[in-house]
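So you can see what is in the structure, the chains are spelled out below.
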Amino acid sequence: AVVSTQSTGIQGKRPPVLFTQYWMRVIPPRKDMPANTVMFECSFQMNRSEIKDYLKDIYNLETVQVNTEVVDGERFKYQIPGVGIKTHTNTHKKIAYVVLKDEVTYPDDTFLRSIGKPKSEEEEIDLLTAPS
């Protein structure tokens, strides 16, 4: 019998994966969600068990339950001069609802909101007339 080293790796063990082929990102929770539920946007290739393993291996999070949902992309219309009205659909998203053992507290995002705000004219003047 011929033993393939590609599928079994070295000495029958799978080689470690340094970078995963999947991705996940946290998205803001809905208002009516329980405190121990987190929403993730994830790769379409991930299934429930892979999401659970991903969170356990990378972030050391204990999950109780994982539910997934495919959400349709945003549809919008635009007009091309001389051609007419065209419709376009953005790509669909896969959302994972993960129930954790512990409650989750999100950080206060007022600092992140203040970064994009334009400065007032008084602050700009103070910066320009600062003593040198």
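First, a word on scope: everything that follows refers to the structure included in this document. (Residues numbered from 1 in each chain as written. Predicted model: local features only at pLDDT ≥ 70, side-chain atom pairs only at ≥ 80, totals over all residues. Heavy atoms only, no water.)

Description of the nonpolar core
Cut-off, in case you're wondering: Residues grouped as a nonpolar core are buried Ala, Val, Leu, Ile, Met, Phe, Trp, Tyr and Cys residues, joined through side-chain atoms within 4.5 Å. Burial classes: relative accessible area under 20% of the type maximum marks a residue as buried, over 50% as exposed, and values in between as partly exposed (1.4 Å probe, protein chains only). For helices the rule is a DSSP run of H or I covering at least 4 residues; for strands it is a run of E covering at least 2, with both sets numbered from the N terminus onward. Contact between two residues is taken to exist if any of their heavy atoms lie within 4.5 Å; hydrogens are not considered.
Judged by nonpolar contacts, the single largest core of 13 residues is most densely connected at Met-24, Phe-40, Met-46, Ile-51, Leu-55 and Val-98. Looking at this core, the elements that each hand over two or more residues are strand 2 (37–42), helix 2 (48–59) and strand 6 (93–100). Residues in contact with Phe-40, not counting those within four places in the same chain, are Met-24, Arg-25, Val-26, Ile-27, Leu-55, Lys-94, Ile-95, Ala-96 and Val-98. Counting five residues, the second-largest nonpolar core is a separate cluster that includes Ile-27, Met-33, Ile-95 and Tyr-97.

Some details on the environment of Thr-91
Within the secondary structure, Thr-91 sits in the loop between strand 5 (84–89) and strand 6. Each C-alpha atom, one on Thr-91 and one on Asp-72, is 7.4 Å from the other, the two residues being 19 residues apart in sequence.

Let's talk about the pattern of salt bridges
Worth spelling out the cut-off: Put simply, a salt bridge is a Lys or Arg side-chain nitrogen that is within 4 Å of an Asp or Glu carboxyl oxygen.
Under the criterion given, the structure shown has two salt bridges. Arg-25 serves as the salt-bridge partner of Glu-41, at 2.6 Å between the closest nitrogen and oxygen. In this pair, Glu-41 is assigned in strand 2 and Arg-25 in strand 1 (residues 24–27), connecting sequence segments 16 residues apart. Residue classification places Arg-25 among the partly exposed positions, given a relative accessible area of 45%. Glu-62 is the partner of Lys-56 in a salt bridge, and the nearest nitrogen-oxygen pair spans 2.6 Å. Take Lys-56: its relative accessible area is 37%, and that puts it in the partly exposed class. Assessed through its relative accessible area of 36%, Glu-62 is described here as partly exposed.

Details of the environment of Lys-56
On the secondary structure map, Lys-56 appears in helix 2. Filtering out sequence-adjacent residues up to four positions away, Lys-56 remains in contact with Leu-61 and Glu-62.

Side note on unusual backbone geometry
Look at Asn-60: it is not a glycine, yet its phi comes out positive at around 55°. By the secondary structure assignment, Asn-60 is in the loop between helix 2 and strand 3 (63–71).

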